[in-house]
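# A closer look at the structure
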Protein chains: 2
Amino acid sequence: MAVAKTLTDAKTKLLDASLQVIRCKGYAATSVDDLCRAAGVTKGAFFHHFKSKEDMAVASAAHFGAMAEGLFSHAGYRDLADPLDRLLGYVDFRKSILRGEVSHFTCLLGTLVQEAYETNPAIRAACDQYISAHAATVEADIVEVMRVRGMVPGWTASSLALYIQSVLQGSFILAKAKHGPAVAADCIDHLRRYLELLFINNKGGLRND
Amino acid sequence: MAVAKTLTDAKTKLLDASLQVIRCKGYAATSVDDLCRAAGVTKGAFFHHFKSKEDMAVASAAHFGAMAEGLFSHAGYRDLADPLDRLLGYVDFRKSILRGEVSHFTCLLGTLVQEAYETNPAIRAACDQYISAHAATVEADIVEVMRVRGMVPGWTASSLALYIQSVLQGSFILAKAKHGPAVAADCIDHLRRYLELLFINNKGGLRND
DNA sequence: AACCACATACCAACCAGTCGGTATGCTGTC
DNA sequence: GACAGCATACCGACTGGTTGGTATGTGGTT
């Protein structure tokens, strides 16, 4: 009859805290002590679970990826039958979660990779992996839209999925610069308009540029 | 007949060096000693010209803004008569400069603001200022396109100009994640397609969504 | 008694920023 | 045109605090 000693263990508390602290201060400016303080654990616990700060950042990226995967896979728009409704539903959902503090709705992976892409190959690879995995879920719906409509456009589903991510990542940067979500919401409106033009208003259907 | 003692003074060497070093390693991970080493000056010179590391970052943002202003105001597409040609010329130019090392074509302002938006108000404000100033130059051409075509769309020139910046900033993040400019070029292709759909292919012309 | 999950104490390296000092101008006065 | 008076530009050793990381201890579970 093992009773849980703590409600959550130190590793989970550190990973949860890292999402907030790193998104707020950035990776390099976040010290191990900052993380421990935010998580309410000691430095001993930190280095018991992670062999270095870098190792922790890689785990944090994975933790964020898992959280995002859960968030999007259980969102309501996923149940829509039409793939275009799912794609536009994704964009609308991304817009709807732009609320509150900037550090609460921005992407840890984008933040991390900006700081670590040249100096820290392991972190860069982890960010690439989880960003690409997320883009792949969007790509699947795009492929389906194209198939249903018999489209053979001058662009690939993969490139459009990455484009969507680039708009989102860029909108987070502008939200940080302007200290609020309004500008990001406007960007997502333009993104939605592009998708509508590509898949709805563009009567020609087949293009070859 | 005063002969220049040095070809460039310490302040200019520090500002030039900061563009490369900060874009490569990030702001927090760049030490004052890193900057001095890269610029070939001493720490004494650094603190003679800048009262703190933060003060230097603000100056660096201004230096980057001035460099960009020079680059874009003298680019060939500026001489085109048609505002839509200038707008698309801008996008094509942004694509054409995606060459070589990632740290050479990415935006210092986007990098800086990601790290400093919560912790450093002065840096955040400087980044916002120079990003917005650049977007305003693009907005001027958009306004002109709309005027020439008598468009009254459901979006503003300002929001479209910021959207263009968000795509560019986001494409830099993906370029960092994937360690090369190819993905960024693909994003700019999608951006160009959106502008073409808005201003050329969208025969309706006037929309109100 | 072995092991796991942490806690405490500590360290060497590094950090931003300081300070006393030097070299080299400029500017006004005689 | 010589020289005082002062500002600007720069040097590099130094400091106190912080950093990532380590070594060792401890209490509960098996």
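Further up the page is the structure itself.
Here goes a summary of the coordinates provided.

What counts, and at which threshold
- Residues numbered from 1 in each chain as written.
- Chains lettered and ligands numbered in written order.
- Predicted model: local features only at pLDDT ≥ 70, side-chain atom pairs only at ≥ 80, totals over all residues.
- Heavy atoms only, no water.
- Helix = DSSP H or I, 4+ residues; strand = E, 2+ residues; numbered from the N terminus.
- Buried < 20%, exposed > 50% of the residue type's maximum accessible area, 1.4 Å probe, protein only.
- Contact = heavy atoms within 4.5 Å.
- Axes fitted to C-alpha atoms, helices over the stretch in contact; angles between N-to-C directions.
- Parallel < 35°, antiparallel > 145°, perpendicular 65-115°, else oblique.
- Least-squares fit on C-alpha atoms with pLDDT ≥ 70 in both.
- Near = heavy atom within 4 Å.
- Polar contact = N/O pair within 3.5 Å; in protein donor to acceptor, adjacent residues only side chain to side chain.
- Nonpolar A, V, L, I, M, F, W, Y, C, P; charged D, E, K, R; others polar.
- Core = buried A, V, L, I, M, F, W, Y, C linked by side-chain atoms within 4.5 Å.
- Salt bridge = Lys/Arg side-chain N within 4 Å of Asp/Glu carboxyl O.
- Buried area = accessible area lost by both parts, 1.4 Å probe.

## Looking at the side chain of D128(A)
- Assignment of secondary structure puts D128(A) in helix 8 (residues 121-149).
- Taking relative accessible area as the criterion, D128(A) reaches 17% and is therefore assigned buried.
- In this structure D128(A) touches A177(B) and K178(B), once residues within four positions along its chain are discounted.

## Observations concerning the packing of helix 10 (residues 182-201) of chain A against helix 9 (residues 157-178) of chain B
- With their axes 9 Å apart at the nearest point, helix 10 of chain A and helix 9 of chain B run at an angle of 90° to one another. Classified by the interaxial angle, the pair formed by helix 10 of chain A and helix 9 of chain B is roughly perpendicular. Packed against helix 10 of chain A, whose contacting residues are V183(A), D186(A), C187(A), H190(A) and L191(A), the element helix 9 of chain B presents S159(B), L160(B), L162(B), Y163(B) and S166(B) at the interface.

## Remarks on the relation of the copies chain B and chain A
- Superposition record for chain B on chain A: RMSD 0.0 Å, screw rotation 180°, translation along axis 0.0 Å. Expressed as a symmetry operation, the mapping of one chain copy onto the other fits a two-fold axis. Among all residues of chain B, the minimum C-alpha distance to the rotation axis is found for G170(B), at 1.9 Å.

## Some words on the protein's contact with DNA strand D
- Around DNA strand D, the structure places 14 residues, and the nearest of them are V32(A), K43(A), K53(A), T42(B) and H49(B).
- Between DNA strand D and K43(A) there is a distance of 2.9 Å, counted from a base nitrogen to a side-chain nitrogen or oxygen.
- Between DNA strand D and G44(B) there is a distance of 3.4 Å, counted from a base nitrogen to a backbone nitrogen or oxygen.
- When residues in the surface near DNA strand D are grouped by element, the largest group, 4 residues, is from helix 3 (residues 43-49) of chain B.
- Here the residues of the surface near DNA strand D sort into 4 nonpolar, 7 polar and 3 charged.

## Brief notes about the packing of helix 4 (residues 53-73) of chain B against helix 8 (residues 121-149) of chain B
Residues and elements named next belong to chain B.
- Running from amino to carboxyl end, helix 4 crosses helix 8 at an angle of 5°, the nearest separation of the two axes being 9 Å. Put simply, helix 4 runs roughly parallel to helix 8. Of the residues in helix 8, those in contact with E54, A57, V58, A61, A62, G65 and F72 of helix 4 are A122, I123, A126, Y130 and H134.
- Of the residues belonging to the contact of helix 4 with helix 8, the class tally is 9 nonpolar, 2 polar and 1 charged.

## Some details on the nonpolar core
- Ranked by internal contacts, the top residues of the largest apolar core, which has 122 residues, are I142(A), F199(A), I142(B) and F199(B).
- Beyond its immediate sequence surroundings of up to four residues, I142(A) is in contact with L87(A), W155(A), A157(A), L160(A), A161(A), I164(A) and F199(A).

## Some remarks on the pattern of salt bridges
Residue and element names in this part refer to chain A.
- Inspection of the entire model under this criterion finds 22 salt bridges over all chains.
- A salt bridge links R192 to D92; its shortest N-O distance comes to 2.8 Å. Taken as a pair, R192 in helix 10 and D92 in helix 5 (residues 83-96) lie far apart in primary sequence, 100 residues in all.
- Here D92 falls in the partly exposed class, since its relative accessible area comes to 33%.
- Connected via shared salt-bridge partners are K25, D34 and R37.

## Topic: the interface of chain B and chain A
- Counting residues at the interface gives 52 residues for chain B and 51 residues for chain A.
- For the pairing of chain B and chain A, the buried interface totals around 4,700 Å² over both sides, and the portion due to carbon and sulfur atoms is 60%.
- On inspection of chain B and its partner chain A, the count reaches 2 salt bridges.
- Between D128(B) and K178(A) there is a salt bridge whose closest N-O contact spans 2.8 Å.
- In this assembly, chain B and chain A are joined by 23 residue pairs in polar contact (both at pLDDT 80 or more).
- Secondary structure elements with two or more residues in the side of chain B that touches chain A: helix 1 (10-25), helix 6 (102-105), helix 7 (108-116), helix 8, helix 9 and helix 10 (182-201) of chain B.
- Broken down by element, the residue count for the side of chain B that touches chain A peaks at 14 residues, all from helix 9 of chain B.
- Here the side of chain B that touches chain A is built from residues that sort into 21 nonpolar, 17 polar and 14 charged.

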